[in-house]
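Chain and residue survey
Chain residues, written in single-letter form:
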Amino acid sequence: MSNKDAYWNKTKNHMIVTLVLWAFFSLVIFMFGSELNTMSFLGYPLAYYMTAQGSLLAFVVMLFWTANKQEKIDEEHGFSEREED
Amino acid sequence: MFKGNFIDNLPKIYGTYTGGFFVFIILMAIAEQAGVSAKNIGVMFVAFTVLIYALIGYLSRTIQVDAYYVAGRQVPTVFNGMATAADWMSGASFVALAGGVYYGGYTYMAFLVGWTGGYVLVATLMAPYLRKFGCYTVPDFIGTRYGGNLVRACSVFVLFIASFTYVTAQINATGTIASRALGIPFEAGVWVGLISILICSMLGGMRAVTWTQVAQYIVLIVAYLIPVFWISNKVGGGVFPHLMLGDEVARLGELEQQFGLVKNSAADMKAAGVPGGLKYISGTHAGVPEGGMAVWKYLSLAICMMVGTASLPHILMRYFTTPTVRAARKSVAWSLFFIFLLYSSAPMLATLSKLALMDPNLPTGIIGKSISDVQSIEWVQRWSEVKQVFIADFNGDGILQLNEWFMRGDVVVLATPEIAGLPFVISGLVFAGGMAAAMSTADGLVLAISNALSHDIYYKIIDPKADTAKRLLVARVLLVIIGAAGAYIASFRLTSILGSVAWAFDFAMSGLFFPLVLGVWWKRATRQGAIAGIMAGILSGLTYLLWVYPKFSVPIFGGVNTPFLGIDHLRFGMIGAPICLVVMVVVSLMTKEPDAATQKMVDDTRIPTGKAILGKQH
């Protein structure tokens, strides 16, 4: 398998992992909204907290994480860009 | 004043600008103490900020194609994040989001999840690859990847429908805010708004829009956060409302029980003469509605907004302006961070505003008080005059019940500072913020449309030999025409007929999402597949919208149709996008696989290093 193919496989797997996390925070937890709302976090009902703030925060963290991880994959396979001036 | 080149000095320049803006706010506060009228403070806030944007627009003028279309591809990561956040957060987000949460509670907040979660799709599926490709516009990618003028024209068609739906709403918002802040009629406000928008974008294209959007982001975020924190401290919500409003949310639940959530009949509301667009609280704030259908409605709305976000050209094109692929990825993360600052504050503002009105223990509370007392409050009088709030004593007991208090959603943002007794300087600041939000989005949209028409239709299809001067002239003329058309339609106040901002997301996801994703992730996707997919997606989505939306279905189909599986007019992308996917895959598999050159192009797109597919200037 060529280096390019190996790179693309890793990138694809990374994409899938990211999208699974994304689906969890955007869809799966809200399938159980009424159950979650019986629990509380910071004094907020949990489902309310997640839709008002929690999931949003998870997306932000996820995006920084995913960009860093992808940069590592770039480096491993020698496709890392030199910062241009 | 500054040594070195412009890009290196950005932190200093915008730091100075932010400092200057705070000084201006303080000067206005002093002016208010000195007896300058509230109206004049509003005028000064809007005029001063708009002048600054115009100045930035003028200083960023350019005669270069790549500066005009993609800001010369030198916008640093964090600044591009701010510009995207301003591009993204519209006048509607700024003014209406908190109002939406105020009335819709948990159910409405599917929009919050949708409008942020979409960026995960942008970052993983689209932005880095489109940046590597080196396109100027979104149809430029589709036209080059699939090859041919027809597929290019089809994608311009979708872009036009989606962005134009959005832009009239933005110009409308600009007009509303300009008219209120400057005290001029709405129609005049629309044209004032348009001129401000054009000054920011015409001379410098994407470069000018980028640097004004950064300035607009700073104004809008300051204008949103200061009142939220101030009000929270004033009504005892805690120093840091985002982490400390748990008790307030619980208290709202108690108050809902105490006052009772009553649904008014349409006949009662008509008899009482409630003005159109005003709403009352009839649902819970934090409660989750029971049942599978409620869950499905939440999820389908979130899906439409997320997938739509990842397909909207005016957002995607912001990531064409970064220096590298890596910067494009990081820039998406920064964009979402800057968006998060405002979006996570909207529910807090809604909570505080609701509590301020509902809690009888607070001096600001009005529910449960006598109606004659409430009617003598100054802000109630002011907002009643312009038909933004209304009281109807249905049970005739002279006491204001929860279901007897009507208010337009926008009032939550525009009037809460006044309700909580903050000085008027804050209300002036909020006007400036709303204006910044509406202008920045309108700028991005008008530019997305006119760039697609000038680059993809005029240069690529009609006159490929045109020289730079002619291309830029055409681009600017189109910009003015598109802006004027948007303002003309907005001045008729047709937006209630044109419908919701959500439609733009549904149109974009129906026609663009899968052609963009599969263009990168599936080499087998062919030109014929893309053409068939785009047209099947957008036309099926459009047809479903006409069928399901009562204002259209009554004249066309002669009656109101029940939405299929709960997919109403806000969610018609749930019909268009799957049809687009199926048609595109089937037709692609039926046609000959793309030639070796196209496959190599896709391979190169997937790798961050190496030359872009399209040259620096093309």
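Starting afresh in each chain, residues are numbered from 1 along the sequence in its written order. Going through the entries in the order they are written, you letter the chains from A and number the ligands from 1. Totals for whole chains, interfaces and linings use all residues, but because this is a predicted model, local features are given only for residues with pLDDT of at least 70 and pairs of side-chain atoms are given and counted only at 80 or more.

1. A short note on the overall build of chain A
- Each helix and strand in chain A was counted, giving 3 helices and 2 strands.
- On the principal axes, the C-alpha backbone points of chain A span a range of 50 × 35 × 15 Å.
- Placing a C-beta atom from the backbone of each residue, one calls two residues in contact when those atoms lie within 7 Å. Considering only residue pairs separated by 6 or more positions, chain A has 53% of its internal contacts joining residues 24 or more positions apart. By the criteria applied, helices consist of DSSP H or I runs no shorter than four residues and strands consist of E runs no shorter than two, each listed in order from the N terminus.

2. Side note on the overall build of chain B
- Scanning chain B from N- to C-terminus turns up 29 helices and 2 strands.
- For chain B, the C-alpha radius of gyration of 25 Å lies close to 25 Å, the compact-globule estimate for 618 residues.
- C-alpha extents for chain B along the principal axes are approximately 80 × 65 × 40 Å.
- Per-residue burial over chain B gives 56% buried out of 618 residues.
- For chain B, the share of sequence-separated contacts (at least 6 apart) that also reach a separation of at least 24 residues comes to 83%. Atoms counted for the radius of gyration: C-alpha only. Globule rule: 2.2 Å times the number of residues to the power 0.38. Partly exposed residues are those whose C-beta has more than 12 but fewer than 20 other C-beta atoms within 10 Å; 20 or more makes a residue buried and 12 or fewer makes it exposed, with C-beta atoms placed from the backbone.

3. Quick look at unusual backbone geometry
All names here are of chain B.
- A positive phi angle, near 55°, is found at A71, a position not held by glycine.
- The exposure class assigned to A71 is buried, which follows from the 25 C-beta atoms found within 10 Å.
- One non-glycine residue with positive phi stands out, namely L565, at about 55°.
- By secondary structure assignment, the location of L565 is in the loop between α27 (550-557) and α28 (573-590).
- Its 12 C-beta neighbours within 10 Å are what place L565 among the exposed residues.

4. A word on the environment of B:E418
Residues and elements named next belong to chain B.
- Looking at the element boundaries, E418 is found in helix α20 (residues 411-419).
- As for E418 and H242, which are separated by 176 residues in sequence, their C-alpha atoms are 21 Å apart.
- Not counting chain neighbours up to four residues away, the residues in contact with E418 comprise W379 and S427.

5. Thoughts on the nonpolar core
- Residues of type Ala, Val, Leu, Ile, Met, Phe, Trp, Tyr and Cys that are buried and joined through C-beta atoms within 7 Å form what is called a nonpolar core. Membership of the largest hydrophobic core comes to 238 residues, with the highest contact counts inside it found for A:F59, A:L63, B:L130, B:L220 and B:M435.
- What A:L63 contacts, discounting residues up to four positions off in sequence, is B:Y119, B:V120, B:A123, B:V332, B:A333 and B:L336.

6. A closer look at the interface of chain A and chain B
- Of the residues lining the interface, 40 residues belong to chain A; the matching set on chain B comes to 42 residues.
- If you list the elements that add at least two residues to the side of chain A that touches chain B, you get α1 (3-31), α2 (33-36), β2 (44-45) and α3 (46-76) of chain A.
- Ranked by residue count, the leading element in the side of chain A that touches chain B is α3(A), at 18 residues.
- All residues other than Ala, Val, Leu, Ile, Met, Phe, Trp, Tyr, Cys, Pro, Asp, Glu, Lys and Arg, Gly among them, are scored as polar; the first ten of these are nonpolar and the last four charged. A class-by-class count of the residues in the side of chain A that touches chain B yields 23 nonpolar, 11 polar and 6 charged.

7. Quick look at α28(B)
Residues and elements named next belong to chain B.
- Each helix should span, by expectation, one fewer than its residue count multiplied by 1.5 Å. With 18 residues, α28 should reach 26 Å at 1.5 Å per residue; the first-to-last C-alpha distance of 25 Å fits that figure.
- Regarding α28, the residues found buried are G573, M574, I575, G576, A577, C580, V583, M584 and S588.
- The inward-facing, buried residues of α28 contact α14 (292-309), α24 (502-511), α25 (513-521) and α26 (527-548).

8. Quick word on the packing of α1(A) against helix α6 (residues 110-133) of chain B
- At a minimum axis distance of 10 Å, the contact between α1(A) and α6(B) shows a crossing angle of 175°. The angle between α1(A) and α6(B) places the two elements in the roughly antiparallel class. Touching A:M15, A:T18, A:L19, A:W22 and A:S26 of α1(A) are B:V113, B:G117, B:V120 and B:T124, all from α6(B).
- When grouped by side-chain class, the residues that make up the contact of α1(A) with α6(B) number 5 nonpolar, 4 polar and no charged. Note on geometry: axes are C-alpha line fits, over the in-contact stretch for helices, and angles between N-to-C directions span 0 to 180 degrees. Angles are sorted into four bins: roughly parallel if under 35 degrees, roughly antiparallel if over 145, roughly perpendicular if 65 to 115, and oblique for all others.

9. A few points about the environment of B:S540
Residue and element names in this part refer to chain B.
- Among the structural elements, S540 can be located in helix α26.
- The class for S540 is buried, based on 20 C-beta atoms found within 10 Å.
- Each C-alpha atom of the pair S540 and G511 lies 9.6 Å from the other, and the pair is 29 residues apart in sequence.
- Apart from residues lying up to four places away in sequence, S540 is in contact with I575, G576 and I579.

10. Points about helix α17 (residues 346-358) of chain B
- Between its first and last C-alpha atoms α17(B) spans 18 Å; for 13 residues at 1.5 Å apiece the expected length is 18 Å, and the two agree.
- With 13 of its 13 residues buried, α17(B) lies for the most part within the structure.

11. Thoughts on the confidence of the model for chain B
- This prediction gives chain B a mean pLDDT of 86; 98% of its residues lie at or above 70.
- The complex model carries a pTM of 0.91, and its ipTM stands at 0.93. Confidence of the predictor at the level of single residues is given by pLDDT, which spans 0 to 100.

12. What to know about the environment of B:Y136
Residue and element names in this part refer to chain B.
- Mapped onto the fold, Y136 is located in the loop between α6 and α7 (138-146).
- For the pair formed by Y136 and D467, sequence separation is 331 residues and the distance between their alpha carbons is 16 Å.
- Residues in contact with Y136, not counting those within four places in the same chain, are Y69, V70, F320, N451 and H455.

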